[in-house]
Structure formats: C-alpha cells, structure tokens
Amino acid sequence: MPSDNNKQYSQDGSNSTGRSFPSTRMRRNRTTEWSRRLVKENNISIDDLIWPLFICEGSNKIEPVLAMPGVFRYSIDTVVDAIDEAKNLGIPAIALFPHVESSLKDSMGKNAVFEKNLVCNAIKEIKIKHPEIGIQCDVALDPYTTHGHDGILDTDGNIQNDATVDILCQQALVQAEAGCDIISPSDMMDGRVGAIRKVLDAHNHSRVQIMSYAAKYNSGFYGPFREAIGSSSTLGGSSKATYQMDPGNSDEALLEVALDIAEGADMIMIKPGLPYLDIIRRVKDKFGVPTFAYQVSGEYSMIKAAGLNGWLSAERCMIESLISFKRAGANGILTYFAIEAAKLIKNSH
Ligand code: PBG
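Criteria and thresholds
Residues numbered from 1 in each chain as written. Predicted model: local features only at pLDDT ≥ 70, side-chain atom pairs only at ≥ 80, totals over all residues. Heavy atoms only, no water. Salt bridge = Lys/Arg side-chain N within 4 Å of Asp/Glu carboxyl O. Helix = DSSP H or I, 4+ residues; strand = E, 2+ residues; numbered from the N terminus. Buried < 20%, exposed > 50% of the residue type's maximum accessible area, 1.4 Å probe, protein only. Near = heavy atom within 4 Å. Polar contact = N/O pair within 3.5 Å; in protein donor to acceptor, adjacent residues only side chain to side chain. Areas by Shrake-Rupley, 256 points an atom, 1.4 Å probe, with all protein chains shown as cover. Nonpolar A, V, L, I, M, F, W, Y, C, P; charged D, E, K, R; others polar. Phe/Tyr/Trp six-rings, centres within 6.5 Å; stacked < 30°, edge-to-face > 60°. Arc of directions from axis to C-beta. Contact = heavy atoms within 4.5 Å. Core = buried A, V, L, I, M, F, W, Y, C linked by side-chain atoms within 4.5 Å. pLDDT = per-residue confidence, 0-100. Axes fitted to C-alpha atoms, helices over the stretch in contact; angles between N-to-C directions. Parallel < 35°, antiparallel > 145°, perpendicular 65-115°, else oblique. Left-handed = near helix turned anticlockwise from the far one by under 90°.

1. Let's talk about the pattern of salt bridges
Here comes step 1: Evaluation of the coordinates by the stated rule reveals 17 salt bridges.
Here comes step 2: In this structure, Lys87 engages Glu132 in a salt bridge whose closest nitrogen and oxygen atoms are separated by 4.0 Å. Highlighted residues: Lys87 in helix H2 (residues 76-89) and Glu132 in the loop between helix H3 (118-129) and strand E5 (134-139), separated in sequence by 45 residues.
Here comes step 3: In this structure Lys87 comes out as partly exposed when scored by relative accessible area, which is 25%.

Written as structure tokens, this is what we have:
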C-alpha cells in the first residue's frame, strides 16, 4: 500500500485546521474495519523485505542459532531450498552472512578475498537456482578475522582505516565477480564506499548496486548475530567504538549519510532499527534517497523471547515494528522476520 504521509494532518502535528470537538470526532474514521483500512497511512508490504540468512560450510546442514529462536545456519545446498520459500512468497532480496570455520580465520581476514570462499560459492549456487532474487552481501572482515574486528589492526591494536579499505575493495570485487547484486559495506571505515565504487566500475561492474551501512551504531543489539556468525568469541570484550557510531549521536548520522551518497551509495541503511527510528526520519527528510532499516538480531530475539514466554504476541509486535519503520520513512527493512511477515501479509489479503 502506498504511503501517504501527512496527507491529512499538518506537518508538525499541531492543530492548524481550525477543527475542534464536537464537529470533529477523531474516532469516527476508526469506527469500522473498512474505514480504518481506508485511512491507514502506512503499511508493510512483501516488497519491503530483505531476508538476512546465515550460511555455513558442509552439506545438508540446518543448525539452530540458539539466541535467535526460529533462525538457522544453512549449508549451501539447504539455503537454496530456504530461498525457494522466500521466492515463492515474493520476497525481493536476501542478504548473506557467513559462519566461517575458525581454521580459515587469520589476523588479516584473508579468506574474505578468496574467490572460492563460502559466500562466493553460495552466491554462484543461488544465482543458478534463483536468478530472479536479489543477493546482498556484507563487506567487512569480522567473520574472517581471529580478533573479530571489521578491519585489520596495527601493532598497537588500532584499526587501520586505509589499509582495511584496500582489502574491502578486493572483498567487494570477488563478491561482485561471483554474481552479488548489492554490495553492502558494514565496516564503517572512512572512504570505503567511494573506493569500492571505483574498483567495481574499473572491473565492469557498474551495474552492481551499493547499499552502505551509512549510520551504523555501536550497539548491544548485535549480540545474537555474533553468536550466529561465530564472532562473539573472537571479538571477546573488545569494542567497535572507534569505528561504529555513538548511540547518543544524531547530527553525525546526517554527515555519514551525506558522505556515502557523495561517494556513490545507491541506497543507505540505518542500523539498528527500532532504537533509531528518529535517525531514519531525519535522513529521509533531508536526503530523500532509498533508505533502509536493519531490524537487527537483538531486536528479533527480544520480540521472539517475549512471545515464547507468553508475555506478548510476537506476531502482532513483529508487524507493528515493521510498520513503524515504514512510518519513520524507510523504503525497506532487513529483518529475520521476513518469511513469517511475508506469510502473514499474504494471508491477510
Ligand atoms: C558485521 C555486521 C554486524 C551485523 C551486520 N554486519 C555485526 C557487527 O558489526 O558487530 C549485525 C547484524 C545483526 O545484529 O543482526 N560488520
């Protein structure tokens, strides 16, 4: 359903209409179900969903992620079947996240740029079986490094920005060569979007899109994800505060987004989702570019866990949270609820 924000109410929400009670009764439009449907300003559609998927080595594997009930790690053969369901439901795109064997990790994250790594092999297989679904891939080194950071470290343990960007460019390139449609840098290094765009273009990949994690916060809500990709133990207690944003900042997000757009990002992402709805709204109002929310692992787990305990209706809170992203101005949402939400949306028509 198209969004018609602010069609009926003034921009700042104040009563500049001259209307008042009792000639105006706000409840009148809410009286019947059909009327509520008519006046609804925002809704979630299957077209808005990107489904993040965890992949692992081996075959015939579907392993549960303990901190995310209902979420699994798939080997390449089983992920192809899982994507079948997404395709049949009409979900436009998936996002791949690898669980890398510890024997393949090193301090430089070298496996990230190997053209036959897990992600590249998965992209190729998925493209053969499901050529019509969009494939998005993270560009960052954390699944591949022994220290669990998104970049490489100098001898003092500081993340080296420019040397990391060089590796990220190679990582983006092997993914694009394998058939990735959307390159998604999640590392928060400075200058990486422009550098990646240049390398992609120089290798005939001008059609490959970039969705940058433009405003990515240093968040506790990533906890379950780190279990899913096996980076919680490598990262240990180490912090990502020198590259991910401080949760107290909002103006800074606008500059991050402006820089990524100037460097060539086609779409930008705000992450996490629910705690940062205000950032989505500010970014959308200021730039008007395709804007995405990532409803991250911890947000999924909170709703799931409370639902499993009988403390709330997980289904209802899932849809409510997804609609809130649309209300805030997001064009789409990366969410682990994608399949469940799509089924619910489909059945409600
Ligand atoms: C890796 C990355 C993270 C997420 C997506 N890409 C974790 C992190 O930065 O530590 C989080 C996704 C989620 O929590 O669902 N750079």
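2. Examining the site of the ligand
Here comes step 1: Taken together, 19 residues lie near the ligand, and Lys216, Arg226, Lys271, Ser297 and Tyr336 sit nearest.
Here comes step 2: The side chain of Asp138 places a nitrogen or oxygen atom 2.8 Å from a nitrogen atom of the ligand.
Here comes step 3: Lys216 is positioned such that a nitrogen or oxygen atom in its side chain is 2.7 Å from an oxygen atom of the ligand.
Here comes step 4: Coverage of the ligand by the protein chains reaches 100% of its 400 Å² of free accessible surface.
Here comes step 5: Only strand E7 (209-216) and helix H6 (223-229) provide two or more residues apiece to the shell around the ligand.
Here comes step 6: Grouping the constituent residues of the shell around the ligand by class yields nine nonpolar, three polar and seven charged.

3. Some points on the packing of aromatic side chains
Here comes step 1: With the rule as written, the count across this model stands at 11 aromatic pairs.
Here comes step 2: Aromatic pair Phe97 and Tyr294: ring centres 6.3 Å apart, planes at 50 degrees, arrangement tilted. One end of the pair, Phe97, is in strand E4 (residues 93-99); the other, Tyr294, is in strand E9 (residues 291-295), with 197 residues separating them in the sequence.
Here comes step 3: Phe97 sits in the buried class, given a relative accessible area of 3%.
Here comes step 4: Residue classification places Tyr294 among the buried positions, given a relative accessible area of 1%.

4. Let's talk about helix H9 (residues 277-287)
Here comes step 1: Of the residues making up H9, those classed as buried are Leu277, Ile279, Ile280 and Val283. Projected onto a plane normal to the axis of H9, the buried residues spread over an arc of 155 degrees and lie on a single side. When the buried face of H9 is taken as reference, the exposed residues oriented beyond 90 degrees from it are Asp285 and Lys286.
Here comes step 2: If you follow the buried residues of H9, they end up packed against helix H8 (251-263), strand E8 (267-271), E9 and helix H11 (314-328).
Here comes step 3: Where H9 ends, the next residue or the one after it, Gly288, has phi of about 60 degrees, a positive value.

5. Brief notes about the side chain of Arg192
Here comes step 1: For Arg192, the position within the fold is in helix H5 (residues 192-202).
Here comes step 2: Within polar-contact distance, the side chain of Arg192 engages the backbone oxygen of Tyr213 at 3.0 Å.
Here comes step 3: Reaching out from Arg192, the side chain makes a polar contact with the side chain of Asp260 at a distance of 3.3 Å.
Here comes step 4: Those residues within four positions of Arg192 in sequence are excluded, and the remaining contacts are Val165, Leu168, Pro185, Ser186, Asp187, Ser212, Tyr213, Asp260 and Glu263.

6. Notes on the nonpolar core
Here comes step 1: By size, the foremost hydrophobic cluster in this structure holds 106 residues, and its most contacted members are Trp51, Phe54, Ile94, Leu96, Ile126, Ile183 and Tyr294.
Here comes step 2: When residues of this core are assigned to their parent elements, the largest contribution, eight residues, is made by helix H4 (residues 161-178).
Here comes step 3: Those residues in contact with Ile183 that sit more than four places away from it in its chain are Cys137, Val139, Ala172, Gln175, Ala176, Ile196, Leu200, Val208, Gln209, Ile210 and Met211.

7. Structural notes on the confidence of the model for the protein chain
Here comes step 1: Across the protein chain, pLDDT averages 95, with 96% of residues at or above 70.
Here comes step 2: Highest mean pLDDT in the protein chain belongs to strand E10 (residues 332-335) (99); lowest belongs to helix H7 (residues 232-235) (87).

8. Comments concerning the packing of helix H10 (residues 297-308) against H11
How two helices pack is summed up by the angle between their axes together with the distance between the axes.
Here comes step 1: Interaxial distance between H10 and H11 falls to 9 Å at its minimum, and their mutual angle equals 155 degrees. In terms of orientation, H10 and H11 fall into the roughly antiparallel class. Read as a crossing pair, H10 and H11 show a hand that is right-handed. Counted together, Glu299, Ile303 and Gly307 of H10 and Ala314, Cys317, Met318, Ser321 and Phe325 of H11 form the full contact between these two elements.
Here comes step 2: Among the residues making up the contact of H10 with H11, the classes are represented as five nonpolar, two polar and one charged.

9. Here we look at unusual backbone geometry
Here comes step 1: Following Phe21, the chain continues to Pro22 via a peptide bond in cis, the omega torsion being 10 degrees.
Here comes step 2: Within the secondary structure, Pro22 is located in the segment before helix H1 (33-39).

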